[in-house]
Each structure stands twice: as structure tokens, then as C-alpha cells.
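Survey of secondary and tertiary structure
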Amino acid sequence: MRSLNRLKWLHAFEAAARHGSFTGAAEELGVTPAAVGQLVRSLEEWVGHPLLHRTRSGKERLSLVAEAKEALQDITAGLDSLEQGLNKLRGARARAVVVITASQVLMMNWLMERLNRFSEQHDSIDLRLNVTEKLTDVLHGEADVGIRCGPGNWPGLQSTWLMDEEAVIVCSPQLLGGVTEADWLSKQKLIFDDTPHPGADFPTWERILANIGVPASQQNGLHINSTSAVILAALSGRGVAVVRKALVQQLIEHGQLRQLFPQHKWPLRWSYFIVRSERSTRRPEVSLFHDWLVADVGATIK
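Residues numbered from 1 in each chain as written. Predicted model: local features only at pLDDT ≥ 70, side-chain atom pairs only at ≥ 80, totals over all residues. Heavy atoms only, no water.

By the naming in an unreviewed UniProt entry, the protein is LysR family transcriptional regulator, taken from Cedecea davisae.

Below, the structure is given as C-alpha cells:
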């Protein structure tokens, strides 16, 4: 005989283990942290031993005991199967949802057009966007997939390479009065992107000016600590900026920005990746979106 109480216990335990806290699990389940804690304790009393190590560091943090790690995989798979069964009962009225996270500038200037194409081809899947400049916690379920630019080695996540990246020089067409030459650049205001790019080998203006042949003493500039604000400053004609190409490719193609000195290349050590957790890989709709995006980007860069 099955017990629905045990199902509630398992649901709370799986969420608490995944989030590493009763607070995170409570936000997902729509109950209080105390209620999650009581459900987990009921499960622990039933099995006869603790399932989670409790430590305190601000919020109560949780980690699995050794005996529970293998069992959690089966419990998670069982809950996923139950969800799939419920969707089958709903039939055609059931809609799959994929939550995608990316930065605002990447979403608007690179990803949105692709998401529209995906939705046209797969109208039974709803896409929800989590637009943020911080690294959303894909590992613990805040999003199903993330599009990230970096070295590709995010702990606990599966990363699939999408494309390489490079830095380019851009400005508004209104700044260009004639032929773009090194002497012209020496007279322009430079926009400095002070956003951290650790390990990316993002070129400094000093290095770029040296490559092009502009005196290194040229430092007339505007410092901004947000890449999206750097692009906005360039669009408004405030100066000449160095940015990641994928973030401005659409603006260049539409004539809103002009790429300068395209004969000079500054490849980055960062690339673009689509990332997902092991749990999300078991959901067919997430795998479908993952494979579609990899193929779509691959067809674009060939």
C-alpha cells in the first residue's frame, strides 16, 4: 500500500538536498522552511537515521549523508517520472516549460532571435527567460539551461561549446566623417569596459592602440563597469568601444554600430557555452532545446 505522506516527505527531501537549504526548498515548494524541515524529519524518523548533515552559516546549510547519495538519484528519477506521468494524463493540454538564463545584452542582441525561431518550430514548449547579469544557479534549479561566456568549467554543470569569441572595436556611424585611420582613432574618446574578464585575455586599449599604431599615451576615455552600458554609450556616439563581438554582431549587421579595423583580430580565451545540470538533462524538452540551439549556432558560424 502506497502512502501519500511518504511522497510529500520525498518531495521535501529531494528539494532540500538539491538546494542545500530548507529555505531554498521552501521557496520552490511554496511552503515555510519549518514545514520542509518537519517533512524531512518525518522521513528520517521513518528510515531510522539522519539523511542530511546540518551546519549553520547564516542560513541552515544541508549536505547529504553518504547512505543517502545513491538513494537521492532514484528518488529524483522517480519524481521526474511521476511528473511525466501526470503530463500524459493531461494529454494535449500539458505544456512543457524550459527556463533559460542569460545576461540582458546577450539575450537582446544574440539569443532572442534564436528563441523566436525555436518557438515557431516547437510551439508545444513554453520558454521562460531569467535575464540577469549574475550567474543564475542552474545547478540547483533556478534555471534549466544557461548561456554563459567563460572558460567552460563550471563545477557540477555539463557544458557544451557553442562558439568562440573575439573582441572588436565599434562606434556609432555618426562619429565617422571619412576614412577610418589610426590618426582618426587618436582623436576619439575611448570607452573602457571595466567589467571583469578573468582569464579571457580581453585586450586593453593600450594593447589595441599599439597594434594599430596609435601612440600609447592616448588615454582620453570614459570608464564604465557594465558591458551593456558600454554598448549603449557607443550607440549614442559617446566614443569608441571594445566589446565582445557576439554582443554587437546584430547591431553591426543592422548598421547601428560600425566595426572598425576589422583586419586586426583579438581572439579571447573565453567561449560561449550552453550549461545544464545532470538533473535537467533527463527532461526531454530541455534536451530538445539544448540540441536545437547547438545545431542552430553551428549552422550560423559555418
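Comments concerning unusual backbone geometry
The phi angle at aspartate 201 is positive, at roughly 60°, despite the residue not being glycine. Within the secondary structure, aspartate 201 is located in the loop between β7 (190-193) and α7 (205-212). The residue phenylalanine 261 is not glycine, and still its phi comes out positive at about 50°. (Helix = DSSP H or I, 4+ residues; strand = E, 2+ residues; numbered from the N terminus.)

Remarks on the confidence of the model for the protein
Summing up the model confidence of the protein, the mean pLDDT is 85 and the portion of residues at 70 or higher is 90%. When pLDDT is averaged over each element of the protein, strand β9 (residues 240-244) comes out on top at 96 and strand β2 (residues 59-64) at the bottom at 69. (pLDDT = per-residue confidence, 0-100.)

Focus: the packing of helix α2 (residues 22-29) against helix α3 (residues 33-47)
Viewed as axis vectors pointing N to C, α2 and α3 meet at an angle of 105°, and their least axial separation amounts to 8 Å. The angle between α2 and α3 falls in the class roughly perpendicular. Here α2 contributes Phe22, Thr23, Ala25, Ala26 and Leu29 to the contact with α3, which in turn contributes Pro33, Val36, Gly37 and Val40. Of the residues contributing to the contact of α2 with α3, the split by class is seven nonpolar, two polar and no charged. (Axes fitted to C-alpha atoms, helices over the stretch in contact; angles between N-to-C directions. Parallel < 35°, antiparallel > 145°, perpendicular 65-115°, else oblique. Contact = heavy atoms within 4.5 Å. Nonpolar A, V, L, I, M, F, W, Y, C, P; charged D, E, K, R; others polar.)

Regarding the environment of valine 105
Take valine 105: it is sitting in helix α5 (residues 104-121). As for valine 105 and alanine 246, which are separated by 141 residues in sequence, their C-alpha atoms are 9.7 Å apart. Those residues in contact with valine 105 that sit more than four places away from it in its chain are Trp110, Glu133, Ser228, Ile231 and Leu247.

A short note on α3
Taking 1.5 Å of rise per residue, 15 residues should cover 21 Å, and α3 covers 21 Å from first to last C-alpha, within 8% of that figure. Looking one or two places after α3, you find glycine 48, whose phi comes out positive at around 95°. (Expected span 1.5 Å × (residues − 1).)

Description of the pattern of salt bridges
Counted under the stated rule, the structure contains ten salt bridges. Between arginine 18 and glutamate 14 there is a salt bridge; the shortest N-O distance is 3.0 Å. Of this pair, arginine 18 and glutamate 14 both sit in helix α1 (residues 4-19), four residues apart, which is roughly one turn of the helix. Both residues of the pair, arginine 18 and glutamate 14, count as buried. Between glutamate 285 and arginine 283 there is a salt bridge; the shortest N-O distance is 2.8 Å. For glutamate 285, a relative accessible area of 17% puts it in the buried group. By sharing partners, the salt bridges in this structure join Glu113, Arg114, Arg117 and Asp296 into a single network. (Salt bridge = Lys/Arg side-chain N within 4 Å of Asp/Glu carboxyl O. Buried < 20%, exposed > 50% of the residue type's maximum accessible area, 1.4 Å probe, protein only.)

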